[in-house]
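Observations on chain architecture
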Amino acid sequence: MRSYKIDGVILRTNDFGDANRVVTVYTKSRGKLELNAYGVRRSKSPMSGALQMFNHISAEVSRGAQVDTIREADVINFYSNLTAELERIGYASIFFETVNRMTLPNFPEAGVYELLVKSLPALDRRNARIASLIGVGQFMEFSGVQLSYFHCVNCGVQIEGDAAISLTHGGAVCMECVDEISGDLEPYPENLRETFGKILNFDWREDTKLNFSQRQVDSAEGILWRYVQSVLGKELNAVKFLKSLS
């Protein structure tokens, strides 16, 4: 078969040559794909509007010797607010960059695709910082290196009350095990654990309220960003971008 069709969400674009672009798409049926799009940056290209970051697209792809090529593309859903505000772009990019850098090509995960599709309306119209935080938190549950939020990583007991957390050791540490864990322990109060519970169980329907206080967001975001970056071994480009705005 020389060509195939995809539905996917654009995670990243990278320009090359005078008018071409490499498009990274997380697809429903094939997982993450890196595809060439020749001539797409020309103003008269019929695909120029479709092949932009954060778009949900359908496309026809032809096989190549090394890299497949997008021949036709249509927008399923376009989110105009997402690209209208720099801060919104930054928070959405944290989520999308995390997904891009922590997924393997050609390894489909239906839950990741559905999460991306469900998150886009919230990133576009609601509080992008909170939507990004929820997206990253829920994605990490698919990653295989998720933090243990509710059970002690040392003894396995269910955490009750205040505790500690260690990003190096992978999650919560009960007070009975604190003295046995060395390194980066930090406080993990009960209300922060409840915040992570709300993040992991958040329902992306439009009528679901984003009931997070500034303090909850600050605390949870600090842990998640640092953990993702410790797994990747470097700072996220989107985090650098947001820091530059402030």
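For the structure given in this document, a descriptive report is provided here. (Residues numbered from 1 in each chain as written. Predicted model: local features only at pLDDT ≥ 70, side-chain atom pairs only at ≥ 80, totals over all residues. Heavy atoms only, no water.)

Notes on helix α2 (residues 110-125)
Think of an α-helix as turning once every 3.6 residues; residues three or four places apart then point the same way. Here α2 contains 16 residues, and its C-alpha end-to-end distance of 24 Å stays within 8% of the 22 Å for a straight helix at 1.5 Å per residue. Helix geometry: α2 is bent most strongly at S119, by close to 30°, with proline P121 lying one to four residues after it. Along α2, the residues classified as buried are V112, Y113, L115, L116, V117, S119, L120, P121, A122, L123 and D124. Taken together, the buried residues of α2 touch β1 (3-16), β2 (20-27), β4 (56-62), α1 (86-102) and α3 (128-143). (Helix = DSSP H or I, 4+ residues; strand = E, 2+ residues; numbered from the N terminus. Expected span 1.5 Å × (residues − 1). Bend = angle between axes of the 7 residues up to and from the residue. Buried < 20%, exposed > 50% of the residue type's maximum accessible area, 1.4 Å probe, protein only. Contact = heavy atoms within 4.5 Å.)

A word on the sheet that holds strand β7 (residues 171-173)
Spatially, the three strands line up as an open sheet ordered β7-β6-β8, and their pairing is antiparallel. Of all strands in the sheet, those with a lone pairing partner are β7 and β8 (186-188), marking the two edges. For this sheet, the mean inter-axis angle between neighbouring strands, taken without regard to orientation, is 45°. (Pairing = 2+ DSSP bridges. Axes fitted to C-alpha atoms, helices over the stretch in contact; angles between N-to-C directions.)

A word on the nonpolar core
I94, F95, F96, L116 and F196 are the most contacted members of the largest nonpolar core, which totals 60 residues. Here L116 is in contact with V9, L11, Y26, F95, F96 and V99, once residues within four sequence places are set aside. (Core = buried A, V, L, I, M, F, W, Y, C linked by side-chain atoms within 4.5 Å.)

What to know about the side chain of R129
When you line up the elements, R129 lands in helix α3. Accessibility expressed as a relative area gives 18% for R129, which makes it buried. Of note is the side chain of R129, whose polar atom sits 2.7 Å from the side chain of E221. The residues contacting R129, other than those within four sequence positions of it, are Y91, Q214, V217, D218 and E221. (Polar contact = N/O pair within 3.5 Å; in protein donor to acceptor, adjacent residues only side chain to side chain.)

Digging into the pairing of β2
Within β2, seven of the eight residues are buried, which leaves it mostly tucked inside the rest of the structure. The pairing of β1 with β2 spans eight bridges and is antiparallel. Pairing of F16 across the sheet is with N20, part of β2. Hairpin geometry of β1 and β2 is characterised by an intervening segment of three residues between the two adjacent antiparallel strands and by a positive phi of about 65° at G17.

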